[in-house]
Amino acid sequence: MCGRFSLSSSAEQIAEIFQLSEIPELTPRYNIAPTQLIATVSHNSKSENRQFNWMRWGLIPSWAKDKKMGAKLINARVETVTEKASFRQAIRQRRCLIIADGFYEWQTKKDQKQPYYFHLEEHQPFAFAGLWERWKSPEKEEIISCTILTTEAHEEMRSIHHRQPIIIPENLYSQWLNPKLTEPQEILPLLTSQAALKHYPVNLVVNKPTHDEPDCIQQSF
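Criteria and thresholds
Residues numbered from 1 in each chain as written. Predicted model: local features only at pLDDT ≥ 70, side-chain atom pairs only at ≥ 80, totals over all residues. Heavy atoms only, no water. Helix = DSSP H or I, 4+ residues; strand = E, 2+ residues; numbered from the N terminus. Rg over C-alpha atoms; globule rule 2.2 N^0.38 Å. Buried < 20%, exposed > 50% of the residue type's maximum accessible area, 1.4 Å probe, protein only. Salt bridge = Lys/Arg side-chain N within 4 Å of Asp/Glu carboxyl O. Pairing = 2+ DSSP bridges. Core = buried A, V, L, I, M, F, W, Y, C linked by side-chain atoms within 4.5 Å. Contact = heavy atoms within 4.5 Å. Lys, Arg positive; Asp, Glu negative; His and termini not counted. Polar contact = N/O pair within 3.5 Å; in protein donor to acceptor, adjacent residues only side chain to side chain. Axes fitted to C-alpha atoms, helices over the stretch in contact; angles between N-to-C directions.

J.: How should I be thinking about the overall build of the chain in this particular structure?
T.: Assigned secondary structure in the chain consists of five helices and 13 strands. The C-alpha radius of gyration of the chain comes to 17 Å, within 12% of the 17 Å expected for a compact globule of 221 residues. Reported as C-alpha extents along the three principal axes, the dimensions of the chain are approximately 50 × 35 × 35 Å. Looking at the chain residue by residue over its 221 residues, the buried ones come to 51%.

J.: What should I look at first to understand the pattern of salt bridges in this one?
T.: Side-chain pairing between opposite charges can occur once the charged atoms of the two side chains come close. Applying the stated rule across the entire model yields six salt bridges. The salt bridge partner of Glu-133 is Arg-94, with a shortest N-O separation of 3.0 Å. Here Glu-133, found in strand E9 (residues 126–136), pairs with Arg-94, found in the loop between helix H2 (90–93) and strand E6 (95–100); they are 39 residues apart in sequence, far enough to count as distant. Residue Arg-134 is joined to Glu-142 by a salt bridge in which the shortest nitrogen-to-oxygen separation is 3.6 Å. Glu-142 gets classed as partly exposed once you look at its relative accessible area, which sits at 42%.

J.: Please clarify how the pairing of strand E10 (residues 142–152) should be interpreted in this entry.
T.: Remember that side chains alternate between the two faces of the sheet whenever the strand is regular. The buried fraction of E10 is high, at eight of eleven residues. Relative to E10, strand E4 (residues 50–57) runs parallel, the two sharing two bridges. Each residue of the ladder has a partner; that of Trp-57, found in E10, is Cys-146. In this sheet, E10 lies alongside strand E5 (residues 75–77) in parallel orientation, the contact comprising three bridges. Its bridge partner being in E10, Arg-77 is matched across the sheet by Thr-150. The sheet contact formed by E9 and E10 spans seven bridges and is antiparallel. Within the sheet, the bridge partner assigned to Lys-136 lies in E10 and is Glu-142. Connecting the antiparallel pair E9 and E10 is a turn made up of five residues, with Lys-140 showing a positive phi of about 75°. Bridging between E10 and strand E11 (residues 163–165) involves three bridges; their strand directions are antiparallel.

J.: Would you mind going over the nonpolar core with me for this structure?
T.: In summary, soluble globular proteins display a tendency toward joint burial of nonpolar side chains. Core analysis: the largest hydrophobic core is formed by 57 residues, its most contacted members being Phe-5, Phe-18, Phe-103, Phe-128, Leu-149 and Trp-176. Sort the elements by how many residues they give to this core and E9 lands first, with six residues. Not counting residues within four places of it along the chain, the set of residues in contact with Trp-176 comprises Ile-91, Arg-95, Cys-96, Leu-97, Ala-129, Gly-130, Leu-131, Leu-149, Ile-168, Ile-187, Leu-190 and Leu-191. Core analysis: the second largest hydrophobic core is formed by nine residues, Tyr-117, Tyr-200, Val-202 and Ile-217 among them.

J.: What should I look at first to understand the side chain of Arg-50 in this one?
T.: The residue Arg-50 is located in strand E4 in this model. For the buried residue Arg-50, which engages in no salt bridge, the nearest side chain bearing the opposite charge is Glu-170, 6.9 Å off. Within the local environment of Arg-50, its side chain forms a polar contact with the backbone oxygen of Phe-18, the two atoms lying 3.0 Å apart. In this structure the side chain of Arg-50 is engaged in a polar contact, spanning 2.7 Å, whose partner is the side chain of Ser-174. Aside from chain neighbours lying at most four places away, what touches Arg-50 is Phe-18, Gln-19, Leu-20, Val-41, Ser-42, Tyr-173, Ser-174 and Leu-177.

J.: So what exactly am I meant to see when it comes to helix H1 (residues 11–18) here?
T.: Residues that lie three or four places apart on an α-helix share one face, since the helix turns once every 3.6 residues. Buried residues of H1: Ala-11, Ile-14, Ala-15, Ile-17 and Phe-18, and no others. Looking at the buried residues of H1, the elements they touch are strand E1 (5–7), strand E3 (37–43), E4, E6, E9 and helix H4 (173–177).

J.: What is the right way to look at the sheet that holds strand E2 (residues 29–32) in this model?
T.: Strand-to-strand pairing in sheets goes through backbone hydrogen bonds, with the strands running parallel or antiparallel. Spatially, E2-E1-E7-E8-E13 is the arrangement adopted by the five strands of the open sheet, whose pairing is antiparallel. Each end of this open sheet is capped by a strand with a single partner; those strands are E2 and strand E13 (197–201). Each strand axis lies, on average, 30° off the axis of its neighbour in the sheet, ignoring direction. Two elements, E1 and strand E7 (residues 102–109), share two bridges in a ladder whose sense is antiparallel. Considered in E7, the bridge of Phe-5 is made with Phe-103.

J.: What exactly am I supposed to notice about the side chain of Asn-53 here?
T.: In this fold, Asn-53 is placed in strand E4. Here the side chain of Asn-53 touches Gln-51 through a polar contact of 2.7 Å, side chain to side chain. Ignoring anything within four residues of it in the chain, the contact list for Asn-53 reads Ile-38, Ala-39, Thr-40 and Ser-42.

Here's what the structure looks like:
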């Protein structure tokens, strides 16, 4: 699964990598947690361009009676995403890129869980495969929310955790966001690439969601 990640890259670097014409200034984040607003890129059907959006992490299905349901849907398993009622329409019609530059996974060691930080070679920004949804409460409150797709852990991560988030390669961003792709046989092959990740153990301070400081990503030993 993916339950915490970071995004401390500059707005200029993100705009260049994701080909965005407009992007707000971003506060560096080192411990992004579920239900918080996160940076995403989606397809704008009016302009036909990529669009930066803030979305709430934890997908709230359009039919949900309560927004609290989103806290349980921070991840979507790729193996069942086309079958689950919460995700089967979103995978066909509402895909997004969730911007990050690192993420955490925990390895169980004796009586505690040791967090590890995963990142690309040069610590550059990358994109999780995401799905999004628009939800309205009976009081007309509107929330745009999203979830991160996960898969079975690849070899370099398997000793730490059995699941991992799916990273979309930069050369597939346009295809992933393409609204003309609506069939699983067109979409799911885009989720098979394996990113070359580096990782190292970090301080236990990251275990506290309210601790959002640079020391979260510092190597502990």
